[in-house]
Amino acid sequence: MQINVLSQQFNASSLAENSMACPANATICNGTSCVLLEDNFNETLSIILSTVLTIMLALVMFSMGCNVELKKFWGHIKRPWGIFVGFLCQFGIMPLTAFLLSLIFDVLPIQAVVVLIMGCCPGGTASNIIAYWVDGDMDLSISMTTCSTLLAMGMMPLCLFLYTKMWTDSNAIVLPYDSIGISLVALIIPVSFGIYVNHKWPSKAKIILKIGSIVGAILIVLIAVVGGILYKGSWIISPKLWIIGTIFPAAGYSLGFFLARVAGLSWHRCRTVSLETGMQNTQLCSTIVQLSFTPEQLELMFTFPLIYSIFQLLFALLILGGYRVYRRHRVKTKTDVEKTEEKEDSTSASSHAKINGGFVSNEAK
């Protein structure tokens with residue numbers, strides 16, 4: 001009898017310890033690893049931060065549009081070789097890389113699916129900001145982001161159907177077409193206003209662009225911090241997902257650059273395609289995951305989009321830092337060469353004017 005009482009006391013104390021380790025409102029518990037329902041405070045914080053970030057993102061994309069020339073942008077649409085190369089990278093290289101990584105590391109089926117979802121997502125808008133800082137082709141960058149987001153409505157279901165058959169039924173994955181549509185609208189409208197401002201008031205557009213590029217850099221950091229705050233899932237996940245989350249974006253950047261170079265694109269367009277390939281729309285991936293899976297399944301894959309987001313940003317900053325060092329110490333960029341040529345032209349024109357009594361020809365102007 002005494003043994004039974006002690007046993008009951010021990011069980012009661014064990015339950016008490018478990019309740020201390022895992023909150024009562026957890027949807028799933030495994031030791032100290034829990035997935036929590038969002039409380040009211042977190043929901044309110046999420047709404048506020050999402051609103052602020054959306055407004056900031058719209059302003060940043062407006063400023064990025066101020067660096068786009070309508071003729072060049074339309075030229076990419078009419079002769080879409082660069083866009084086609086980006087399409088092959090986005091919906092060819094990335095899903096295939098996700099598939100191969102899942103096979104190589106032999107992850108669980110549900111984990112393989114989230115890796116594939118990430119690989120099938122379109123490019124993210126952060127790539128446009130980084131492309132500006134590495135002197136990429138902004139016309140190509142924005143046209144690629146727009147086209148990949150638009151084509152994602154058809155290519156995502158197709159890629160998921162092809163690659164997830166061995167792990168799960170593709171019909172079980174819910175694609176939020178409304179979120180894709182919102183992303184497309186949030187990209188096209190501010191960029192269109194920016195292109196119009198650059199066409200009408202180019203001098204003002206340059207000022208807006210400088211301010212927007214700084215705000216964009218701040219925005220990228222804020223998105224990473226906010227992601228860490230809002231993700232309440234367990235960080236104790238399979239080390240294999242951490243390794244895949246590290247390798248995957250690096251492979252995207254490298255393979256995108258390599259394919260663009262093989263396709264004969266110029267160096268600044270290769271940098272652009274590389275960034276568009278490696279930088280995925282992680283917010284869209286998170287939305288798909290949360291809509292498609294149960295809390296029990298989420299525990300095994302809940303934080304992979306955030307892991308990918310962290311490492312894609314880290315590698316992008318390394319690319320930016322490496323390019324800036326290379327530009328400063330090794331070579332002159334095309335912009336620097338053009339400025340030098342303009343300076344030499346203006347010098348020769350002024351000397352020519354002195355010789356000819358102040359007359360400057362139209363060609364020299």
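Residues numbered from 1 in each chain as written. Predicted model: local features only at pLDDT ≥ 70, side-chain atom pairs only at ≥ 80, totals over all residues. Heavy atoms only, no water.

**Considerations on the state of the cysteines**
Where we set the bar: The definition used for a disulfide is geometric: two cysteine sulfur atoms within 2.5 Å.
Considering all chains together, one arrives at 0 disulfides under this definition. No disulfide involves Cys159; its nearest neighbouring cysteine sulfur is the one of Cys120, lying 4.6 Å away.

**Comments concerning empty space enclosed by the protein**
It is a probe the size of a water molecule, rolled over the atoms, that shows where empty space is left. What counts is decided by this rule: Whether a set of points on the 1 Å grid over the protein atoms alone is a cavity depends on a 1.4 Å probe fitting there but being unable to get out, while an open set qualifies as a pocket with protein on both sides within 12 Å along at least five of seven lines; lining residues are those with an atom within 4 Å of a point. Grid points are joined across faces, edges and corners, and a volume is the space filled by probe spheres set on the points. A run of H or I in DSSP counts as a helix once it spans at least four residues, and a run of E counts as a strand once it spans at least two, with each numbered from the N terminus. Throughout this entry, Asp, Glu, Lys and Arg are counted as charged residues, while Ala, Val, Leu, Ile, Met, Phe, Trp, Tyr, Cys and Pro are counted as nonpolar. The remaining residues, Gly among them, count as polar.
Scanning the entire structure with this criterion turns up 2 cavities of 30 Å³ or more. Along the walls of the largest cavity sit Ile83, Gly86, Phe87, Gln90, Met144, Cys147, Ser148, Leu151 and Glu276, which together make up its complete lining. Contributing elements (two or more residues each) for the lining of the largest cavity: α4 (81–105) and α7 (138–163). Residues that form the lining of the largest cavity fall into these classes: 5 nonpolar, 3 polar and 1 charged.

**Description of helix α8 (residues 177–200)**
Note the following rule: A helix is expected to span 1.5 Å multiplied by its residue count minus one. Exposure categories follow from relative accessible area, calculated using a 1.4 Å probe and restricted to protein chains: below 20% of the type maximum is buried, above 50% is exposed, and the middle band is partly exposed.
Across its 24 residues, α8 extends 35 Å between first and last C-alpha, which sits within 8% of the 34 Å expected from 1.5 Å per residue. Among all positions in α8, only Ile180, Gly181, Leu184, Leu187, Pro190, Val191, Gly194, Ile195, Val197 and Asn198 are buried.

**Some points on the nonpolar core**
What tends to happen in soluble globular proteins is that the nonpolar side chains get buried as a cluster. Here is the rule we go by: Residues belong to one nonpolar core when they are buried, are Ala, Val, Leu, Ile, Met, Phe, Trp, Tyr or Cys, and are joined through side-chain atoms within 4.5 Å. When checking whether two residues touch, look at their non-hydrogen atoms; a contact exists if any pair is within 4.5 Å.
By size, the foremost hydrophobic cluster in this structure holds 37 residues, and its most contacted members are Val115, Ile117, Met156 and Phe248. Going through the elements one at a time, α4, α5 (109–120), α7, α10 (239–262), α12 (282–292) and α14 (304–329) are the ones with two or more residues in this core. In terms of residue count, the dominant contributor to this core is α5 (9 residues). Ignoring any residue separated from it by four or fewer positions in sequence, one finds Met156 in contact with Cys120, Cys121, Pro122, Leu175, Ile180, Leu284 and Ile288. Of all hydrophobic cores here, the second largest spans 24 residues; its members include Ala131, Met138, Ile142 and Tyr253.

**Here's the deal with the confidence of the model for the protein**
To keep things clear, this is the line we draw: The pLDDT value tells you how sure the predictor is about a given residue, anywhere from 0 up to 100.
When pLDDT is averaged across the protein, the result is 74; 70% of the residues are at 70 or more. When mean pLDDT is taken per element in the protein, α10 scores highest with 93 and helix α1 (residues 2–21) scores lowest with 43. Note on residues 1–20: pLDDT is under 50 here. Beyond four places in sequence and across chains, it has 0 contacts. Note that pLDDT drops below 50 for residues 35–39; the model gives that stretch 12 contacts with residues more than four away or on any other chain.

**A few points about the side chain of Ser141**
By the element assignment, Ser141 lies in helix α7. Leave out the neighbours within four places in its chain, and Ser141 touches Ser127, Asn128, Ala131, Thr272 and Glu276.

**Some words on the packing of helix α6 (residues 126–133) against α7**
Selection criterion: The axes used here are C-alpha line fits, helices contributing only the stretch in contact, and every angle between their N-to-C directions lies in the interval 0 to 180 degrees. Any angle between 65 and 115 degrees counts as roughly perpendicular, while under 35 counts as roughly parallel, over 145 as roughly antiparallel, and the rest as oblique.
Contact pair α6 / α7: the axes reach a minimum separation of 10 Å and the direction vectors enclose 170°. Put simply, α6 runs roughly antiparallel to α7. Residues Ser127, Asn128, Ala131 and Tyr132 of α6 form the contact with α7, whose own contacting residues are Met138, Ser141, Ile142 and Thr145. Classifying every residue of the contact of α6 with α7 by side-chain character gives 4 nonpolar, 4 polar and no charged.

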